[in-house]
Amino acid sequence: MKIQFYIRFHTKYGESLWLSGNTEELGNNDPDKAFALEYLSEEFWTGAVTIKKKDFPKSISYKYILKKEDGSIIQEFYLDRKIEALKKDIENIQIVDTWNYAGEFENAFFTSPFKNVLLNHKNLKIRKYDDKNYTHIFKVKAPLLKKDEVICICGNDEKLNDWSTSEVLILSKEDDWWTIKLDLSDSKFPIGYKYAVYNYKEKTFLGYESGNNRLLYSGTGKHKVTIVHDGFVHLPNNVWKGAGIAIPVFSLRSNKGFGVGEFADIKLLVDWALKSGLKLIQLLPVNDTMSNFSWKDSYPYSAISAFALHPLYINLYKIAGKEFSPKLKTLKKKQKQLNDLEVVDYEEVMKYKYSVLRELYEVKGKECLATEDFAEFFSDNKHWLESYAAFCLLRDKYKSSDFTSWKTSSIYKKAEITKMCSPKSASYTEIGFYYFVQYHLHLQLKEAADYANKKGVVLKGDIPIGISMNSCDAWVAPEKYNMNWQAGAPPDDFTAVGQNWGFPTYNWKKMQEDDFSWWHQRFSQMNNYFDAFRIDHILGFFRIWSIPANAVQGILGRFVPCLPVHINEFGEKSIWFDFDRYCRPFITDDVIAEIFSNNTEFIKDTFLVKNEFDGYDLLPEFETQKQVEEYFSKLESTVENEKIKLGLYDLITNVILFEEEGSQGLEFHFRISMDKTISFRNLMPPVQDKLKSLYVDYFYKRQDDFWYQEAMSKLPQLKAATNMLVCGEDLGMVPHCVPEVMEQLGILSLEIQRMPKNPKTEFFHPNDAPYLSVITPSTHDMSTIRGWWEENREKTQHFYNTIMGQFGDAPTYCESWINRAIVMQHLYSPAMWSIFQLQDILGMSDKLRRENPNDERINNPANPCHYWQYRMHISLENLIKEKEFNEELSDYIINGGR
């Protein structure tokens, strides 16, 4: 059987098209073995393969690949075109395809939240208009049809009813495609045709698709069928808009809570969302972070497992059931005490929950682990569950999650851990406890997720960019991470010294060796509960801010990977290269006086040594920030000692360049914010200008194509691994190539009013948001609308007069009408999603808003030891009862077109 492929695509010089599919002739889905197509015309590429009938599979699936002149490839979005078994006498199949660009808006509507929740309309029972003896099969997609609407086809041929709108040929729905089989053997080609929308129930023609007529050039032949994949019906594709709420699970408050939000509380949040017109709930990461059993474990982005759920969110009564719930009565007093608190007392909640979990395991564990349901859960999750349980056992045994300090099993050995987790092992009783807890967490989150979907509400999760240095993932596969680097962020609006998250960075080359299996498993796990997810710091897939292990502050980092500056480039700029002047901390008497004021002699005597350049060097025991941190950790904690410590940090960062390790003094990287250093200020102006020119080229020009290739070597494969809606957190120092990559892949961007991506503007206006984006006035890393209003009077005034269009002086405090106006701006935005922190929604009501806006902030990135303990100040049950407010909010959302 011969299959002739035609693909409508306009290429540029040097580009070529290839075909990849699930047969040997098409390379068995291996892009490196794809079938090469030939250029036919400005409009088409073509190619033919022959497959023996006996070897013809039940279904051939395939997609096209564009190979660019620079060697990079772009693949189509979906692998959903299929050639299925046709009539027995068919010997020739002609395929006419339309390229499916991942960035097409319509593709978003075939992702999980839309297919399974938001646009999950029941298919109409309509009669088929297919001809028994057909020569052509037409297929097209139309995701945004309303109730009772179907697709029909009309054209300038008798078979297509000569453009009649009273007698139409209606297509049938097969999976994602609208399709019809027609006999065009008596037709004259070319045929002009269009798709149209028809109300099947009311028998009403509603209108044609936009654009020029489609043309079908090919005729018919004996034993031949033509299949036409026409892409999307040309209908308005940016009209669907939704609104959502963002809140961490731990922040939820219910009347029956245990001082913290639980997975079970998500159902109450869904009930409120329904009354308010909200279609999406966005959560922070819910993975286990139990590293040292202190309040520092409240940081949700430092997970000890990328797969395990946090016991913090478990509902004890659901595990106990009716039989054992009465035994928990002794906890009622403590439960009420914790639940009455304004904030989460992480340590107390975990202390009591964990002790009760132990008791419940003693009475219910053995029976639970013997069930078929648990056996199925274990089978599905064994790839991470065994190692996680062993990690927790060893963490508790040695009172540390730092596996490098363990006396046994500090190096992961699969056979050893498999033996430890065997039911015959002496350790199995303890191992079983972690299985038991994870199984019940799974059941409770799954129940909440299913409830949300059934009610028509989407759950959106959050995938952190990193894992904890002391995590099960790092223990099991340390080669997949750069353990000698720490991930973070360069200086920004949050902190002038950058951020150090303390996570190891990814060894992408190693991860690529097994086709990113760890990421595939991670997405699969997320897909159990979530319909969409936010990629935390998506810029890390282009390059990650990497900080040496001996540094404390993020300002000592650099982007990895990154094209360095070669030593010859300094000569080309007429810069005399002085290694000691540029690469070592610049310390003179004036520098010491500027940083330390009255303590200069003490600093010189204690931490410095004179050098040959009439300046100073740090003593060997104080050369790194980690050494300084260690020294001061042993001293009394005083304001003066803290000032000295931070001053020494400043001395260490007072450099211009970092040498590329292993380059033998030939390659260098600029220190971020070089021009703000005292070292730079002490250079001659001509040298400053020349260095700054190189600096701008290094950070803003030379890396762009390189980072584009880096992202495209990872993100397309990762996005293809899931059908969840992917949203990127693309904030910070954004390379020029980021919007292009995200647009190509159909990844939604994040737009924040007070963090414009255009450096020439002070604020971003919601009206300017791209359709494929999430827009929000604030995130968990920021102050709320009300908190921000009071931070900077000058900015607030400018915002009030320009963005809000108000005259006169801005109110000192963010009154409810101001908060409401800002929310409304976002609701009316063209962005697909407007998502708000709950605090910003409640800020619209004088009755429901919190008294002090400073108590509403979830996280402060400037504080690396922030305690994540924000809770709602009113219960979800009471919020559901606020009928007037909920109806007003619903009206605002509807008026905003959402």
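1. With respect to a negative patch on the surface
Together, Glu69, Asp70, Asp705, Glu740 and Glu743 line one region of the surface with negative charge. Mapping Asp705 onto the fold places it in helix H21 (residues 704–712).

2. Observations regarding empty space enclosed by the protein
Following the criterion strictly, the structure yields 10 cavities of 30 Å³ or more and no others. In this structure, the largest cavity spans a volume of roughly 240 Å³. Residue lining of the largest cavity: 20 residues in total, with Ala246, Gln282, Arg534, Thr779 and His780 positioned closest to the centre. Looking at the lining of the largest cavity, the elements with two or more residues in it are strand S32 (725–728), strand S34 (773–776) and strand S35 (833–837). Tallied by class, the residues present in the lining of the largest cavity amount to 10 nonpolar, 7 polar and 3 charged. What the second largest cavity holds in volume is close to 150 Å³. Taken together, 16 residues make up the lining of the second largest cavity; nearest its centre are Val286, Asn287, Ala306, Met526 and Phe530. Taken together, the elements giving at least two residues each to the lining of the second largest cavity come down to strand S21 (458–463) and helix H12 (517–527).

3. Some points on unusual backbone geometry
What you tend to see is this: most non-glycine residues have negative phi, and most peptide bonds are trans. Residue Pro190 follows Phe189 across a cis peptide bond; omega there is 0 degrees. Among the structural elements, Pro190 can be located in the loop between strand S14 (177–182) and strand S15 (191–199). In the segment running from Val560 into Pro561, the intervening peptide bond is cis, with an omega of -5 degrees. By the secondary structure assignment, Pro561 is in the loop between strand S26 (558–560) and strand S27 (565–566).

4. Some thoughts on the pairing of strand S6 (residues 59–67)
Counted residue by residue, S6 has 7 buried out of 9 residues, so it is predominantly covered. Sheet topology places strand S2 (residues 16–21) next to S6; 6 bridges connect them, and they run antiparallel. Paired with Gly21 across the two strands is Tyr62, which belongs to S6. Alignment of S6 against strand S8 (residues 81–84), held across 4 bridges, turns out to be antiparallel. Within S8, the position partnered with Ser61 by the bridge is Lys82. Relative to strand S7 (residues 73–75), S6 is paired through 3 bridges, and the arrangement is antiparallel. Bridge pairing in S7 places Ile65 opposite Gln75. Here S6 hands over to S7 after 5 residues, with Gly71 in that stretch at a positive phi of 95 degrees.

About the criteria used
Counting from 1, residues in each chain are numbered in the order their sequence is written. The predicted origin of the model limits local features to residues at a pLDDT of at least 70 and limits the giving and counting of side-chain atom pairs to 80 or more, whereas totals for whole chains, interfaces and linings rest on all residues. To obtain the side-chain values, all non-hydrogen atoms of the structure were included, while hydrogens and water were left out. A residue counts toward a patch only above 30% relative accessible area and without a salt bridge, and it is joined to like-charged neighbours within 9 Å or, for Val, Leu, Ile, Met, Phe, Trp and Tyr, to nonpolar neighbours within 5 Å. Note on areas: these come from Shrake-Rupley sampling with a 1.4 Å probe, and a residue is covered only by the protein chains present in the view. Within this document, salt bridges are pairs made up of a side-chain nitrogen of Lys or Arg and a carboxyl oxygen of Asp or Glu, the two lying within 4 Å of each other. The charge count includes Lys and Arg as positive and Asp and Glu as negative, but it does not include His or the ends of the chains. Every charge is mapped to an atom, namely NZ of Lys, CZ of Arg, CG of Asp or CD of Glu. Each helix is a run of DSSP H or I of at least 4 residues and each strand a run of E of at least 2, with the numbering of both proceeding from the N terminus. Each cavity reported here is a set of points on a 1 Å grid over the protein atoms alone in which a 1.4 Å probe fits but cannot get out, each pocket an open set with protein on both sides within 12 Å along at least five of seven lines, and each lining residue one with an atom within 4 Å of a point. Grid points are joined across faces, edges and corners, and a volume is the space filled by probe spheres set on the points. Here the nonpolar group is Ala, Val, Leu, Ile, Met, Phe, Trp, Tyr, Cys and Pro; Asp, Glu, Lys and Arg are the charged ones; every other residue, Gly included, is treated as polar. Using a 1.4 Å probe on the protein chains alone, a residue whose accessible area is under 20% of its type maximum counts as buried, one over 50% counts as exposed, and one in between counts as partly exposed. Note on pairing: DSSP must find at least two bridges between two strands before they are called paired.

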